[in-house]
Structure formats: structure tokens, C-alpha cells
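Coordinate analysis (summary)
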Amino acid sequence: MEIYLDANATTPVLAQAAQAALQAMADDFGNPSSVHSTGLKARALMDAARERARALLHTGGGQLLFVSGATEGIQTAVLSALHALLARRQAGDNTAELLLYGATEHKAVPEALKHWNQILGLNLQIAAIPVDREGHHDLDFLLREAPRAGLVCTMAANNETGVISDLAGIEATLQRSGSRAFWMVDGVQALGKIPLQLAQTRIDYAPFSGHKLYAPKGIGLLYVREGAPFTPLMAGGGQEGSRRSGTENMSGIAALGAVLAALEDGVSFRDHATLHAFRARLAEALEEAFPGLVYNAPLDQTLPTTLNFAVPGLSSRLLQDLFDAAELRISGGSACSAAKAQPSFVLQAMGLPDWQAAGAVRLSIGPAVDEAFIKEACARIRACGESLRQNCLSPQDNQPTLGEGITRFALDGACCYLLADAASQRCVLIDPLPEQLPRLIQTLQCQAYPLLAVLSTQGSGLHAEARQALAEELGEALFPQTEIDALGWPVQMSELQLGAKCLRRLPLQGGRQQGLVLSEAGRDLLLFGEPGAECAELACLCAPALDAGAQFVRRLNQALAPKPLSERLLPGAQLQAFVQAHPEALVIDVREPYEQFLSHTPPLWGATLQAVPLSRLLNALPAWLTQPEQPLLFFCRSGNRSRQAAAALASLGHSQAWSLNGGLALLPAFATEDPALMV
């Protein structure tokens, strides 16, 4: 059962809205430009929806156009303002020198400014209005620069942080400056959440998007102040009073009208006091689950539907995977840029530390949520915290963990390996980097095995720096001091014993580097490091120090390696048939333990399931490679990690390595059972 907590990105369609859309498609399907009765019914439906929007937004004598969404509205507004500036210039008025936009504005705004500024040949300077640490516009900057501005673009509320802009302060500043600039306000996140009195302001343009408030995608509104210049983005049949040509999206308009009606019924949506109380409960659950959590914007200055936070030591990606395993849907920021895995430009503009900007996640609810939804969301958030404590990932109160085998830590292609033996309670660390230390220290403390050595295969100064920091942080109990050489090898030892396995060194590059060979019962298993000519006689796989392509292991002699095979992708709809056709198959979950702790095992119809996290893939590879014809089907949340695992096996010659395409996210059996909980 999915709990959807990403309402600032989009929302499910309200039941009344879906019904209204279906009715518009089936019964009231007329073209509102037609003069027969069916067309007149469509026209009446459209007029009624527009009047509801006008009443909600208090548009007065201003125009309110139906558009496809906020992006079209922004384009139209920017084009209109810049076209008017071009006319001024042609009339000899050159006072407009720049275009201003809020530094935390949605990317659609600066991109539109850049596009139309170039297309129209204005070549005006484009500048961002700075914001303070709380996300509010620098009004002193605006006061200084507004007299030279031709257009000012700000938001009513920010989509990532929920920060509510001081629109009254911005308007007063524009008035004080004597600016003749046009003013566009992005109202997307404000619709239905904060009151707007548009006709009582000097706002010239305000775009809105229906899918942020339970209407379908593809329908939105654009407010144009009475007397503000207007240039149509599209010419054609003259619809919308010749301001927006193209046959109107009647099903979308009907659905939006139903949402606007629901705002008035006092039942469908929660009031502000209730939403504030709901958010407070979510915040309490988050703070219990994640000690040290910090909010990236003051809660008393943000929408009551938004929480943007970061947790020291936990990446945005890890938090998203964690929540997703609990079937809690959150995002890493704006949905338009969340897939790019970059620090939030919004938080960077606010001057927040890099770790907050890179580690931020956003939890957002819609005003249609109810008590049962919030109760379940809070319970699952607390379960996420418990999963972190059980798996040594929480900032505090972690439980002891068992260390066994090889764990791989990757950072931008650089690989660090922790070798642990539970029987002897000893471990070795290979090629750590300073950036990895918080996670490594946490793991070593939870595991509580003394380190035999911290070794470098490359002789990097960064490895030596990490070794020294580990010694200082862990102390004598976990990092006994012994005499070592430049690569960290204890000078008094020829081998490092880890239970039944042992690690020996192989000098490379005249001793400037070293290969580290892990063996058991006289058989070499793995070489850690970058192999040189000295490794030619080894008959094992290589776990490289650098693995930008996520290959995991390589054969030492590629000339002897089988021709790499492509991994096979299995659509989720074919999973049951695959298992029935291959009863001998292993179905392998490569998600990390903290995800497996939270999630349900998918229906496997009698197949054999193994849990082998991707970080521990090296432990299972040798056994799998002894049976290259046995079907191996890997799965994860989205299909990315399972594809890496399958590709690694295929590159080593395994002919039956499969990946569940799209992962559990696209598995039909994991479809949401109760749409009512997607609010």
C-alpha cells in the first residue's frame, strides 16, 4: 500500500475530478466553439469553471485563460512582457536594461527568460534576485535594481522548500523604486493553499497548474491583469478570445472545475489549522526516526504541506531508497531535476552548507490527506528509523552488527573494501578515502572488530590521510598500533589471517603499489588493486581500485575471458512465467539490508530467493560462476542496481544472468491497492 508524500511534484486526480472528466468525454463532449446545443453545454461547463477560478483568485477585471499548465503560462507571460519591452525600445524607450528573477525560482522561469530574450533579439541582462538563508528575496537588491528592470519574476511559494514569498514586501519595494517593470508571480504551489487577491495587487501575470491540486496533467490557468500587455503564444482558431488558440481541453477544464468546487464544499480538503497539525505530527515522527535532522527552511514561514530536510551522514539517495522501501514516496527536490542527482540549486542559493544542499529531501502532502493517512505515514517513518538503527546507518543509537565477508564502498568510481571475519572477529580495510570515513567509522564501530591493517593498493596520499584519521577516531581498541610500511602493510607480517582466509601482498611498480591477494585453502579468490605484469600467473578475478563502469570484477587476463554477453532484461509481467519455466532459477534481491528490512518480498511462486546486496556482490560471484548455465534473476527497486549485477555476471561469461526490468516499481503485483491513500 503506497503512501504518497510528493504532492508538490504532482497529485492523484480527485475522485470528483475524474468523474467530471469522464462525463465531459462521454456526455458533455461538445466543442465549446460550436453553436448547437452540445457545444453550448460545453461552453457553459467551461464558463462555470472559469468563474469558480475567478472567485477563488479574486481576479477582478483581469483575464483568466485556460492553458496546458504552468510552463505554457510562464512562456506566454514572458513573451507578452518582452514583446511589450521590444515595442518600448522601438519607440525610443531604452530604460529597461535587465530581467530579474528570484534565485530560487523554478527553472522554467530563467529558461523562458533566456529563450524569449534571444528570440526577440532584446539581449537584455538576466540577473537573479538573491535570497537570504530563509529563502526570502533580498528587497534591498530589488530596490536598487528594479528601476532598470523590464520584468520581475518571483514565486508565491517555493516548490522545494515551501517558503512563502513576501509578495506584499516585493510589491511595496517595486512601488518605492518607481519601477515600470512588469511583474510575474508563479502561483503553482499557492493554488488552494494560501489566499490570493490578485486584482488588489500590481501582479501582471500569474500561472497556475492543475495537477498540483488533484486535477489531471495538461490543464492550467494564466491570470493577466487588466491592462497588462498580452501577446498570444499560439495563433490559430481564436479560442479563449484569440488569446490562446487551440480547441480547449474540456475534460481537463471539467476536472479542474470539480477541484475548485471541492475547495468550497468544506469536506474534500483540510483547513490550514488541520494541515499545520498534520505536518507537526510528520515532523515529530521524522525527528524521532532521524536524530540530528535539520530543516532547510523555517517551518513557520513555509506552506503547511511541505517539509524539506537533511540528515547529517545520510545522502539524499539513501533516504529516498529507504523511504521507497517502506512505500513512502518522497523526492530529492524539484521533480523536474530530481533524476539528475545534483545538489539543490534552491538550497545553494539560500547559502546552506553543501552537505545540506546535496542531502536534502522533500516530503509534501496535499490538502486532501486525512487522519488515517497521516497515522500510517508516521508509523512508516518511524520504521525507517528503526531500519537504520538495525543496519548501522542511524546518526545515533545503532545496534551491533555482524561483520562477515567483503563489503564494497564505492565513491565516484573509487572502491574501498572492508574484509571481515566473524569467527576471528578481525577485519582489514583496503583503499579508504577521507570522504568515506563517516560511513566507515560507523560500520567499524557497530561491527566492533579490531582492524588488522588499513592498506593502500595505489600508494595514495589520501589513503594515508584516511588511515591516520581512522586511528585517531577509533582508538587503540579497534585500531591497534603496529609498525607499517608506506602502503600500510604491517612490517612484521607476511600474511594477514582472516579466519579461514588469508591476505598476502604482491609488490607492483617497484613497490610503489601493491596487489592484495585473498585466498582460501590454497586457492586464490580475488586480487584487490590494479593488476600489473606481476599478476600474470594469478588465476583469480580482480576487484579494482577504480571501477567507474560499475564492472565490479575483471578477469586478470582478458585474452582468456569469454566474450562479454549482454545482460538479459525481464519485463515484470513475465516474472511468473519465467519462474515456472525455470524452477532451478535463483531470484536475487540486490537491495541493501536497510531496504530489505522494510519491504515485502514479492510473490515468487516457489522460486528460490537469495538476498545479496549489491555492496556484497563479491561474496557470491565465485559460486555463481561455477554454474554459468543456472538462471540468475536479479531485482531491486528500479532495475538499475539489478542491471549492474546482471551485467557484471554477463561480462564474466555467465549466459543466464537476468535483470527484472524496471524493478519492483514496475512489477504489476506491487500496484497500489487503495487509491484513496494516494493523497
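Before reading on, note that the structure itself is shown above.
Residues numbered from 1 in each chain as written. Predicted model: local features only at pLDDT ≥ 70, side-chain atom pairs only at ≥ 80, totals over all residues. Heavy atoms only, no water.

Quick look at the nonpolar core now. Among the nonpolar cores identified, the biggest contains 55 residues, and L100, V152 and F208 are the most heavily contacted of them. Tallying contributions element by element places helix α8 (residues 250-264) first for this core, with nine residues. Dropping the residues within four chain positions of it, V152 is found in contact with L100, I129, L142, L174, A181, F182, W183 and M184. (Core = buried A, V, L, I, M, F, W, Y, C linked by side-chain atoms within 4.5 Å. Buried < 20%, exposed > 50% of the residue type's maximum accessible area, 1.4 Å probe, protein only. Helix = DSSP H or I, 4+ residues; strand = E, 2+ residues; numbered from the N terminus. Contact = heavy atoms within 4.5 Å.)

For the rest of this paragraph, the subject is the packing of aromatic side chains. Summed over the entire model, instances satisfying the criterion amount to five aromatic pairs. Ring geometry for Y214 and F269: centres 5.6 Å apart, planes at 40 degrees, overall tilted. Residue Y214 is found in the loop between β7 (205-209) and β8 (220-224), and its partner F269 is found in the loop between α8 and α9 (272-289); the two are separated by 55 residues along the sequence. Take F269: its relative accessible area is 10%, and that puts it in the buried class. Sitting over the face of the ring of F345, K107 holds its NZ or CZ atom 4.2 Å from the ring centroid. One Lys or Arg, R408, reaches over the ring of F552 and ends 4.2 Å from the middle of that ring. (Phe/Tyr/Trp six-rings, centres within 6.5 Å; stacked < 30°, edge-to-face > 60°. Lys NZ or Arg CZ within 6 Å of the ring centre and 35° of its normal.)

It is worth spelling out the pattern of salt bridges at this point. This structure, assessed with the given rule, holds 26 salt bridges. Put simply, D324 and R637 hold a salt bridge, and the shortest N to O gap is 3.2 Å. Of this pair, D324 sits in helix α10 (residues 316-325) while R637 sits in the loop between β26 (632-635) and α19 (640-651), and the two are 313 residues apart along the sequence. Judged by relative accessible area, D324 falls into the buried class, the value being 17%. Residue D524 is joined to R504 by a salt bridge in which the shortest nitrogen-to-oxygen separation is 2.9 Å. Of the two residues, D524 sits in strand β20 (residues 523-528) while R504 sits in strand β18 (residues 501-508), which places them 20 residues apart along the sequence. Under the relative-accessibility criterion, R504 is labelled partly exposed at 26%. Through salt bridges that share partners, E2, R317, D321, D324, E327, R329 and R637 make up one connected network. (Salt bridge = Lys/Arg side-chain N within 4 Å of Asp/Glu carboxyl O.)

Here three strands make up an open sheet; going across it, the order is β9-β10-β12 and the pairing antiparallel. A single partner strand is all that each edge strand has here, and the edge strands are β9 (294-295) and β12 (361-364). As paired strands, β9 and strand β10 (residues 306-310) are joined by two bridges and run antiparallel to one another. The residue of β10 that forms the bridge with Y295 is F309. Most of the contacts of α9 go to β10, to which it runs at about 15 degrees, and overall it touches β9, β10 and β12. (Pairing = 2+ DSSP bridges. Axes fitted to C-alpha atoms, helices over the stretch in contact; angles between N-to-C directions.)

Of note, D431 is a non-glycine position whose phi angle comes to about 60 degrees, a positive value. By the secondary structure assignment, D431 is in the loop between β15 (426-430) and α14 (437-447). Phi angles above zero are rare outside glycine, and A521 is one such case at about 55 degrees. Positionally, A521 belongs in the loop between β19 (513-520) and β20. We classify A521 as exposed; its relative accessible area is 80%.

Time to look at the environment of A199. In this structure, A199 sits in the loop between β6 (182-186) and β7. In sequence terms A199 and L666 are 467 residues apart; their C-alpha atoms lie 46 Å from each other. Excluding its chain neighbours within four sequence positions, the residues that come into contact with A199 are H58, T59, G60 and Y223.

Purely geometric stuff here, so don't read any function into it on its own.
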